[in-house]
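# Topology and contacts: notes
The chain contents come next:
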Amino acid sequence: MEALLLGAGLLLGAYVLVYYNLVKAPPCGGTASLRGRTAVVTGANSGIGKMTALELARRGARVVLACRSRERGEAAAFDLRQESGNNEVIFMALDLANLASVRAFATAFLSSEPRLDILIHNAGISSCGRTHEPFNLLLRVNHIGPFLLTHLLLPRLKTCAPSRVVVVSSAAHRRGHLDFTRLDCPVVGWRQELRAYADSKLANVLFARELATQLEGTGVTSYAAHPGPVNSELFLRHVPGWLSPLLRPLAWLVLRTPRGGAQTPLYCALQEGIESLSGRYFANCHVEEVPPAARDDQAAHRLWEASKRLAGLGPGQGAQPDEDPQSEDPGPPSSPSSPLPEEPTVSEPHPSPQNYMSKVTRRIQVKTEPEP
């Protein structure tokens with residue numbers, strides 16, 4: 001009996017050590033108020049995205065939940081308004097697998113929102129499920145859709161600089177390898193899905209790196225963020241039904257909570273003084289070195305050009321559009337912002353006057369720090 005108790009104690013102690021050193025995420029994100037600023041978080045109806053949006057709302061930001069499901073997006077917006085006490089949390093429809101939807105979202109956002117200070121690309125998939133598309137669905141949702149959305153919203157980000165773009169990636173990028181001759185080929189079977197997921201996460205890291213290069217000196221900075229091993233819908237969404245009851249208790253024991261997974265993306269979005277680290281990859285709220293394939297500037301630029309083609313951006317549409325459809329001054333309006341687009345694109349059940357901060361005049365000269 002004593003040996004059994006001793007063994008149980010050792011197992012419990014080992015678990016505590018592992019949890020607090022490897023699983024539990026350090027709290028990150030600074031203490032700055034975001035009152036008067038606007039943030040867009042994709043895939044914010046659950047998991048890491050919802051917890052990220054909650055923290056931004058608690059700090060006073062106007063938060064746009066960019067989600068595919070209207071029902072779940074509106075429910076999440078209601079929950080976040082109740083929990084944060086901030087009525088400036090709204091839902092806008094966005095399906096990253098549909099480039100027309102991405103363009104419609106950008107048009108609706110630019111016509112209704114005078115500011116954009118933080119853009120967090122959180123939405124992603126790990127499997128194609130039962131969908132059979134004539135293109136690489138994993139790359140489309142995890143990279144091409146966010147790439148196009150960033151491009152379309154860049155004018156507003158530049159006008160509101162200093163501003164930030166955060167791309168939620170994964171340690172799976174270390175297994176990625178981009179074959180530029182087959183980037184958009186359909187994915188068939190679980191083995192191809194695993195490979196395509198890793199490739200899309202590598203694309204995230206290279207995208208953040210090249211975006212930093214493209215936007216050097218504009219005051220817009222970008223970061224790739226690894227949330228860590230997280231017990232979220234992404235983990236269990238495509239697990240067979242019979243296996244789910246077995247994995248859920250294990251996931252609860254060894255994976256981070258969504259709130260823990262949100263810490264590094266929040267750090268990249270909010271931490272002061274990291275502008276010189278634009279383009280870098282962060283994990284556990286600090287810069288982490290990446291393998292050579294993830295810091296290959298030539299591959300990053302090649303991916304940029306290939307992404308423009310796959311996103312339907314013509315040769316005349318570069319990385320930094322010169323004109324913003326909205327007025328150049330994003331400061332506090334004398335009256336409420338322009339009307340929201342017609343349903344079902346936007347839902348704002350409890351509109352309230354927007355108190356936007358005056359136009360930021362300080363611009364930060366950003367220099368991408370190369371990997372050692």
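For the structure itself, consult the block above.
The notes below deal with the structure included here. What you see is a predicted model; the values in this text were computed from it and never measured.

It is worth spelling out the overall build of the chain at this point. Looking only at helices and strands, the chain features 11 helices and nine strands. In the chain, which comprises 372 residues, the proportion classed as buried is 53%. If you take every contact in the chain between residues at least 6 apart in sequence, the share linking residues at least 24 apart comes to 83%. For the chain, the computed accessible surface area is about 17400 Å², with 56% contributed by carbon and sulfur atoms.

By secondary structure assignment, the location of S169 is in the loop between β5 (163-168) and α6 (190-214). Classification of S169 as buried rests on a relative accessible area of 3%. If near-sequence neighbours (up to four positions away) are discounted, S169 is found in contact with K201, N204, V205, A225, H226, P227 and Y281.

The subject of this paragraph is the pattern of salt bridges. Inspection of the entire model under this criterion finds 12 salt bridges. The salt bridge partner of E88 is R62, with a shortest N-O separation of 2.5 Å. Here R62 lies in strand β2 (residues 62-67) and E88 lies in the loop between α3 (70-84) and β3 (89-93), a separation of 26 residues in the sequence. The exposure class assigned to R62 is buried, which follows from its relative accessible area of 3%. E275 is the partner of R164 in a salt bridge, and the nearest nitrogen-oxygen pair spans 2.9 Å. You can see R164 sitting in strand β5 and its partner E275 sitting in the loop between α10 (263-270) and β7 (281-283), a full 111 residues away along the chain. Each member of the pair, R164 together with E275, is buried.

Another aspect to go through is the nonpolar core. With 60 residues, the main nonpolar core has V40, F105, F109, L153 and L183 as its most contacted residues. The element that contributes the greatest number of residues to this core is helix α5 (residues 137-159), accounting for 12 residues. Not counting residues within four places of it along the chain, the set of residues in contact with F109 comprises T38, V40, V64, M92, R115, L116, L153 and R156. In this structure, A39, V41, A77 and L277 belong to the second largest nonpolar core, which totals 36 residues.

Here helix α4 (residues 99-112) is 14 residues long and its end C-alpha atoms lie 20 Å apart, about the 20 Å a rise of 1.5 Å per residue gives. When α4 is considered as a whole, its buried residues turn out to be L99, S101, V102, F105, A106, A108, F109, L110 and S112. Capping the start of α4, N98 holds a side-chain oxygen 2.9 Å from the backbone nitrogen of A100, two or three residues further along.

What follows concerns the environment of F109. Within the secondary structure, F109 sits in helix α4. For F109, a relative accessible area of 0% puts it in the buried group.

The end-to-end C-alpha separation of helix α2 (residues 47-58) is 17 Å, in line with the 16 Å expected for 12 residues at 1.5 Å each. Among the 12 residues in α2, 10 count as buried, and that is most of the element. All of the buried residues along α2 are G47, I48, G49, K50, M51, T52, A53, L54, L56 and A57. Positive backbone phi, at 100°, marks G60, one or two positions downstream of α2.

Further remarks concern the packing of α5 against helix α11 (residues 297-310). Two measures define how a pair of helices packs: the angle their axes make with one another and the distance between the axes. Interaxial distance between α5 and α11 falls to 9 Å at its minimum, and their mutual angle equals 90°. With respect to each other, α5 and α11 are oriented roughly perpendicular. In this structure, α5 contributes L139, H143, I144 and F147 to the contact, and α11 contributes L303, W304, S307, K308 and L310.

With that out of the way, let us pick up the packing of α2 against α3. Here α2 crosses α3 at 40°, and the two axes come no closer than 9 Å. One way to sum up the angle between α2 and α3 is to call them oblique. Considering only the axes of α2 and α3, their crossing is right-handed. The residues of α3 that touch α2, namely those facing K50, A53, L54, A57 and R58, are A76, D79, L80, E83 and S84. Grouping the constituent residues of the contact of α2 with α3 by class yields five nonpolar, one polar and four charged.

For the bond running from A161 to P162, omega is 5°, close enough to zero to count as cis. Structurally, the position occupied by P162 is in the loop between α5 and β5. Its identity is not glycine, yet N284 carries a phi of approximately 50°, on the positive side. Tracing the backbone through its elements, the reader meets N284 in the loop between β7 and β8 (286-287). Notably, C285 is not glycine yet its phi reads approximately 65°, a positive angle. Look at C285 and you get buried, because its relative accessible area is 11%.

What counts, and at which threshold
- Residue positions within a chain follow its written sequence, with the count starting from 1.
- Only residues with pLDDT of 70 or above have their local features reported here, since the model is predicted, and side-chain atom pairs are shown and tallied only from 80 upward, although totals for entire chains, interfaces and linings are computed over all residues.
- Water and hydrogen atoms were dropped before computing side-chain values, which therefore reflect all heavy atoms in the structure.
- The helix and strand labels rest on DSSP assignments: H or I over at least four residues marks a helix, E over at least two residues marks a strand, and numbering proceeds from the N terminus.
- A simple rule labels every residue: compare its accessible area, found with a 1.4 Å probe on the protein chains alone, to the largest value its type can have, and call it buried under 20%, exposed over 50%, or partly exposed in between.
- Throughout, a residue-residue contact means that at least one pair of heavy atoms, one from each residue, lies within 4.5 Å.
- With residues, only the protein chains shown are counted as cover, and all accessible areas are computed by Shrake-Rupley using a 1.4 Å probe.
- Salt bridges are counted wherever a side-chain nitrogen of Lys or Arg sits within 4 Å of a carboxyl oxygen of Asp or Glu.
- By convention a nonpolar core is built from buried Ala, Val, Leu, Ile, Met, Phe, Trp, Tyr and Cys residues, the set being connected through side-chain atoms within 4.5 Å.
- By this rule the span expected of a helix is its residue count minus one, scaled by 1.5 Å.
- The definition of a polar contact used here is a pair of N or O atoms within 3.5 Å, where within protein one atom must be able to donate a hydrogen and the other to accept one, and adjacent residues in sequence count solely through side-chain atom pairs.
- Lines fitted to C-alpha atoms define the axes here, with helix axes fitted over just the stretch in contact, and angles between the N-to-C directions of these axes take values from 0 to 180 degrees.
- Orientation labels follow simple angle bins: below 35 degrees gives roughly parallel, above 145 gives roughly antiparallel, 65 to 115 gives roughly perpendicular, and whatever is left gives oblique.
- Left-handed describes a crossing whose near helix is turned anticlockwise from the far helix by less than a right angle; the clockwise case is right-handed.
- Put simply, Ala, Val, Leu, Ile, Met, Phe, Trp, Tyr, Cys and Pro go in the nonpolar bin, Asp, Glu, Lys and Arg in the charged bin, and everything else, Gly too, in the polar bin.

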